[in-house]
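Structure assessment
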Amino acid sequence: MTPVRRQPAPARSAVLRREAVLATVPVAVAALLAAAGPAAAGTTGASGAGDPYFPLSGNGGYHVGHYDLTLRYDTATRHLDGKAVLTARATQRLTRFDLDLHGLKVTSVTVDRAAAAFRRDGQELVVTPRHAVRAGRAFRVTVAYHGTPKPVTDPDGSPDGWIPTDDGAFVAGEPQGAMTWFPANNHPRDKSSYDFTITVPEGRAAVANGVPLGQRTAHGRTTFRWRETRPMAAYLATATIGRFKVERYTTPDGIQVYNAVDPREARAAAPVLKKLPSVLAWESRLFGPYPFRAAGAIVDHAPDIGYALETQTRPLYDSAPDIGTLVHESAHQWFGDSVSPTVWKDIWLNEGFATYAEWLYAEQHGGDSAQKTFDALYARPAGDELWAYPPADPGSGENIFGTPVYARGAMTLHQLRRAVGDRDFVRILRAWATGHRGGHGTTAQFVRLAEQTSGKPLHGLFHTWLYTKGKPDKA
Ligand code: ARG
Ligand code: ZN
């Protein structure tokens with residue numbers, strides 16, 4: 001089994017496409033805003049959530065509690081019509097705030113039913129409500145938009161967002177792509193519940209997160225409704241569209257499973273998907289109760305995309321997954337989805353854990369021991385890409401899905417396991433998943449938890465394996 005996920009070849013020339021500023025604001029309003037300058041300071045929401053790797057991702061000044069997304073996609077013309085209703089709460093007085101939206105044309109924005117002024121500035125949709133929103137108040141933003149959604153290209157060269165396929169769209173959003181199909185506070189710091197109402201041509205299916213609330217066909221179109229009630233980061237939302245064979249059942253633990261499989265992948269996917277309930281049960285025994293009510297898989301036929309994504313409750317695969325990939329994306333439901341990173345720099349808390357879950361699964365299912373996997377990696381020479389940078393300090397957004405994050409991240413957990421023993425290691429993993437369930441975690445919190453749970457000083461181990469450049473000496 002390969003311990004590292006397939007990664008698309010980096011295309012370093014690719015940069016985040018920046019739209020030209022769209023002048024949609026009447027001149028008088030724009031002039032007013034410009035004049036507001038210093039006086040407005042302290043009442044405008046920040047244009048980013050403060051993430052050094054993706055400074056414009058997310059926004060300041062408010063928290064989104066719920067997204068209600070109504071989408072209609074024409075697979076032939078690739079046209080998307082969207083309406084997003086965001087229920088938010090201001091964390092400061094807001095005379096102005098941003099949403100993230102890349103491409104598409106916005107036709108109207110209202111804040112608490114009053115028309116709001118708006119303009120585009122790259123990925124920022126800048127909204128000026130008619131009346132300032134008072135600190136601590138709940139408010140509702142409605143954005144009507146349409147156009148041909150296009151993915152962004154991530155710093156590592158991967159397509160991200162709404163990615164058209166030959167029969168619909170593969171919709172993935174890590175780390176930035178959510179903003180290619182809905183206006184969002186696009187950073188994992190802000191987690192929200194979601195409702196989706198997605199209309200597609202009859203014969204196609206639209207698959208999102210959480211539980212299905214039903215579907216209706218009329219006039220050659222089918223509308224699918226989905227609901228995710230547990231907090232979800234925008235990057236984990238999906239609305240994948242295509243021709244799918246659907247399979248539904250409930251596990252003995254009461255988890256509602258919904259699998260959507262492109263018929264071209266059905267034969268290869270079947271033996272692996274059959275194992276989903278036992279994989280989830282195995283992971284639940286190890287990590288604690290499964291954090292969601294729904295589960296499943298979306299197996300698309302778009303192998304050029306080159307990656308899978310742990311979309312909440314229902315991972316998205318670009319082709320039939322192997323068992324390692326299924327175990328990996330399933331483990332992310334605990335590590336990444338339920339417990340989310342606060343900054344992208346901490347991505348090893350997602351990828352190192354999901355990779356180590358693969359090692360543990362292999363070890364307990366007749367494959368290599370984790371020690372053997374560790375040893376094979378450790379044998380790589382000092383110049384290998386595995387040692388190119390430390391997992392908890394990848395340096396930039398270009399490196400967040402690189403081998404050091406996945407494989408050396410998993411090696412760090414293996415070193416932790418060896419230092420504290422199996423029993424405490426599992427206690428640490430469970431306490432992490434349980435203690436931060438539905439929320440966030442940081443590397444510093446994980447280190448503290450590991451030390452508290454084991455009663456051992458582990459600072460040196462983590463310092464070496466997570467933060468020190470180059471190949472570590474073996475302890
Ligand atoms: N989190 C995904 C996984 O480990 C990988 C996403 C890669 N995304 C990207 N833009 N390179 O399965
Ligand atoms: Zn992963």
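Every residue gets a number counted from 1 within its own chain, in the order that chain's sequence is written. Here the convention is simple: chains get letters from A, ligands get numbers from 1, in the order in which they are written. Local features in this predicted model are restricted to residues of pLDDT 70 or higher, and side-chain atom pairs are both shown and tallied only at a pLDDT of 80 or more, whereas totals for entire chains, interfaces and linings draw on every residue. Based on all heavy atoms of the structure, the side-chain values leave hydrogens and waters out of the count.

1. Notes on the overall build of the protein chain
A tally of regular secondary structure across the protein chain gives 10 helices and 22 strands. At 22 Å, the protein chain has a C-alpha radius of gyration in line with the 23 Å of a compact globule built from 475 residues. Referenced to the eigenvectors of the C-alpha coordinate spread, the extents of the protein chain come out at roughly 65 × 55 × 40 Å. Within the protein chain, the proportion of its 475 residues that are buried is 58%. Total accessible area on the protein chain is roughly 18,500 Å²; 52% of this is exposed by carbon and sulfur atoms. Seen as two clouds, the 53 positive and the 46 negative side-chain charges of the protein chain have centres 6 Å apart. A run of DSSP states H or I qualifies as a helix once it reaches four residues; a run of E qualifies as a strand once it reaches two. Both are numbered from the N-terminal end. Values of the radius of gyration come from C-alpha atoms, whereas the globule rule sets the reference at 2.2 Å times the count of residues to the power 0.38. The buried label applies to any residue whose accessible area, calculated with a 1.4 Å probe on protein chains only, is under 20% of its type's maximum; exposed applies above 50%, and partly exposed to all values in between. Surface exposure here means Shrake-Rupley accessible area, sampled with a 1.4 Å probe, where a residue is shielded only by the protein chains that are shown. His is not counted here, nor are the chain ends, while Lys and Arg score as positive and Asp and Glu score as negative. Charge positions are represented by NZ for Lys, CZ for Arg, CG for Asp and CD for Glu.

2. Here's the deal with the coordination of the zinc ion (ligand 2)
The rule for donors is simple: N, O or S, within 2.8 Å of the metal, or within 3.2 Å if the metal is Na, K or Ca. Water isn't counted, so a site may look like it is missing partners. Distances from the zinc ion (ligand 2) to its protein donors, His328 (NE2), His332 (NE2) and Glu351 (OE), fall at 1.9 to 2.0 Å. For the zinc ion (ligand 2), the four donor atoms in the first shell make angles of 98 to 136° at the metal, so the coordination geometry reads as irregular. Positions of the donor residues of the zinc ion (ligand 2), expressed as sequence spacing, correspond to H-x3-H-x18-E. A residue pair is termed long-range when its members are at least 10 positions apart, and His328 in helix α4 (residues 323-331) and Glu351 in helix α5 (residues 348-364) qualify at 23 residues. According to the relative accessible area criterion, His328 is buried, its value standing at 1%. Note on Glu351: relative accessible area 1%, which makes it buried. Geometry assignment treats four donors as tetrahedral when all angles are between 85 and 135 degrees, treats four as square planar and six as octahedral when opposite donors are over 155 degrees apart and all others between 65 and 115, and treats everything else as irregular.

3. What to know about empty space enclosed by the protein
Points on a 1 Å grid over protein atoms alone make up a cavity when a 1.4 Å probe fits among them but cannot get out, and a pocket when they form an open set with protein on both sides within 12 Å along at least five of seven lines; lining residues each have an atom within 4 Å of a point. Grid points are joined across faces, edges and corners, and a volume is the space filled by probe spheres set on the points. Counting across every chain of the model gives two cavities of 30 Å³ or more. Space inside the largest cavity adds up to approximately 60 Å³. In this structure, the largest cavity is lined by Gly210, Val211, Arg227, Glu228, Thr229, Arg230, Phe292, Arg293, Ala294 and Thr313. Looking at the lining of the largest cavity element by element, the count peaks at four residues for strand β15 (residues 221-233). By residue class, the composition of the lining of the largest cavity is three nonpolar, three polar and four charged. In this structure, the second largest cavity spans a volume of roughly 30 Å³. In terms of lining, the second largest cavity is formed by Phe287, Phe335, Phe353, Tyr356, Ala357, Leu360, Leu413 and Leu429. A breakdown of the residues in the lining of the second largest cavity according to their chemical character gives eight nonpolar, no polar and no charged. Residue polarity is assigned by list, with Asp, Glu, Lys and Arg as charged and Ala, Val, Leu, Ile, Met, Phe, Trp, Tyr, Cys and Pro as nonpolar; anything else, Gly included, falls into the polar class.

4. What to know about the sheet that holds strand β6 (residues 117-121)
Strand order in the open sheet formed by three strands is β3-β7-β6, and the pairing between neighbours is antiparallel. Single-partner strands in this sheet number two, and they are β3 (97-100) and β6. For this sheet, the mean inter-axis angle between neighbouring strands, taken without regard to orientation, is 25°. Strand pairing is assigned whenever DSSP detects at least two bridges linking the two strands. Here β3 runs beside strand β7 (residues 124-128); their pairing, made up of four bridges, is antiparallel. Residue pairing across strands places Asp100 opposite Glu124, the latter belonging to β7. Here the axes come from fitting lines to C-alpha atoms, over the contacting stretch only for helices, and the angles between their N-to-C directions go from 0 to 180 degrees.

5. Looking at the packing of helix α6 (residues 370-378) against helix α7 (residues 403-420)
Closest axis-to-axis distance for the α6/α7 pair is 10 Å, and the angle between their directions is 130°. In terms of their interaxial angle, α6 and α7 are classed as oblique. The way α6 lies across α7 gives a crossing that is left-handed. Contacts from Ala370, Gln371, Phe374, Leu377 and Tyr378 in α6 reach Ala407, Met411, His414, Gln415, Arg417 and Arg418 in α7. Residues of the contact of α6 with α7, tallied by class, amount to six nonpolar, three polar and two charged. The scheme is simple: roughly parallel for angles under 35 degrees, roughly antiparallel for over 145, roughly perpendicular for 65 to 115, oblique for anything else. With the far helix as reference, a near helix turned anticlockwise by less than a right angle produces a left-handed crossing, and one turned clockwise produces a right-handed crossing. Whether two residues touch is decided by their heavy atoms; if any such pair falls within 4.5 Å, the residues are in contact.

6. Looking at the packing of aromatic side chains
Each aromatic ring pair is characterised by the separation of its centres together with the angle its planes make. Note on aromatic contacts: the rings of Phe and Tyr and the six-membered ring of Trp form a pair at centre separations within 6.5 Å, being stacked when their planes are under 30 degrees apart, edge-to-face when over 60 apart, and tilted otherwise. Summed over the entire model, instances satisfying the criterion amount to 30 aromatic pairs. Look at Tyr356 and Trp359: their rings are 5.4 Å apart centre to centre, the planes differ by 55°, and that puts the pair in the tilted class. Here Trp359 and Tyr356 lie together in helix α5, a separation of three residues that amounts to about one turn. Accessibility classification places Tyr356 together with Trp359 in one group, the buried group. With a centroid separation of 5.7 Å and an interplanar angle of 50°, the aromatic rings of Phe374 and Trp465 are classed as tilted. With Phe374 in helix α6 and Trp465 in helix α10 (residues 459-467), the pair connects residues that are 91 residues apart, well separated along the chain. In this pair, the class of Phe374 matches that of Trp465, namely buried. One aromatic cluster is present, built from ring pairs that chain together Phe287, Tyr290, Phe292, Trp334, Phe335, Trp348, Phe353, Trp432, Phe446 and Phe462. Only Lys NZ and Arg CZ are tested; either one counts as a charge over a ring when it is within 6 Å of the ring centre and within 35 degrees of the ring normal. For the cation-ring pair, Lys471 lies above Tyr378, with the distance from its terminal atom to the ring centre recorded as 4.5 Å.

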